[in-house]
Amino acid sequence: METKEQLKEERDKIVKGLEEAYRKLVEFKKAKNSPLVVVRNGEIVEIDPNDVQPTISYKRSQG
């Protein structure tokens, strides 16, 4: 069975990979001058890639 520390390390690696994928997606969309398509408040919206942060950090709430 994995310890809590091993699970935390695995989660941190997954989050780091997702952050890198997001960064690459924003860079790609900027290069192609193509909007990001997201769901916001249940509605599908297009966002100009120049209006979003190129990086974002996941902050896990304690609880």
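That block above? That's the structure.
In this report, the structure presented in the accompanying data block is examined. (Residues numbered from 1 in each chain as written. Predicted model: local features only at pLDDT ≥ 70, side-chain atom pairs only at ≥ 80, totals over all residues. Heavy atoms only, no water.)

**Let's talk about the overall build of the protein chain**
Inference 1: A count of helical and extended segments in the protein chain gives one helix and two strands.
Inference 2: Along its sequence from the N terminus, the protein chain presents helices and strands in the succession α-β-β.
Inference 3: By residue count, 11% of the 63 residues in the protein chain fall in the buried class.
Inference 4: Residue pairs at least 24 apart in sequence account for 38% of intrachain contacts in the protein chain once pairs closer than 6 positions are excluded.
Inference 5: Of the accessible surface of the protein chain, which amounts to about 5,800 Å², a share of 52% is contributed by carbon and sulfur atoms. (Helix = DSSP H or I, 4+ residues; strand = E, 2+ residues; numbered from the N terminus. Buried < 20%, exposed > 50% of the residue type's maximum accessible area, 1.4 Å probe, protein only. Contact = heavy atoms within 4.5 Å. Areas by Shrake-Rupley, 256 points an atom, 1.4 Å probe, with all protein chains shown as cover.)

**Describing a nonpolar patch on the surface**
Inference 1: A surface patch of nonpolar side chains, about 330 Å² in accessible area, is lined by Val37, Val39 and Ile44.
Inference 2: Mapped onto the secondary structure, Val39 falls in strand S1 (residues 36-40). (Patch = residues over 30% accessible without salt bridge, like charges linked within 9 Å, V, L, I, M, F, W, Y side chains within 5 Å. Salt bridge = Lys/Arg side-chain N within 4 Å of Asp/Glu carboxyl O.)

**Quick notes on the pairing of S1**
Inference 1: Strand direction decides the pairing type here: S1 and strand S2 (residues 43-47), joined by five bridges, are antiparallel. For Val38, the partnering residue across the bridge sits in S2 and is Val45.
Inference 2: Here S1 folds back onto S2, and the loop between the two strands holds two residues, one of which, Asn41, carries a positive phi near 55°. (Pairing = 2+ DSSP bridges.)

**Concerning helix H1 (residues 4-32)**
Inference 1: The end-to-end C-alpha distance of H1, which contains 29 residues, comes to 42 Å, matching closely the 42 Å that a straight helix rising 1.5 Å per residue would cover.
Inference 2: Residues of H1 that are buried include every one of Val15, Val26 and Lys29, and no others.
Inference 3: In this fold, the buried residues of H1 make contact with S1.
Inference 4: Note on H1: the residue one or two positions beyond its end, Asn33, has a positive phi of about 50°. (Expected span 1.5 Å × (residues − 1).)

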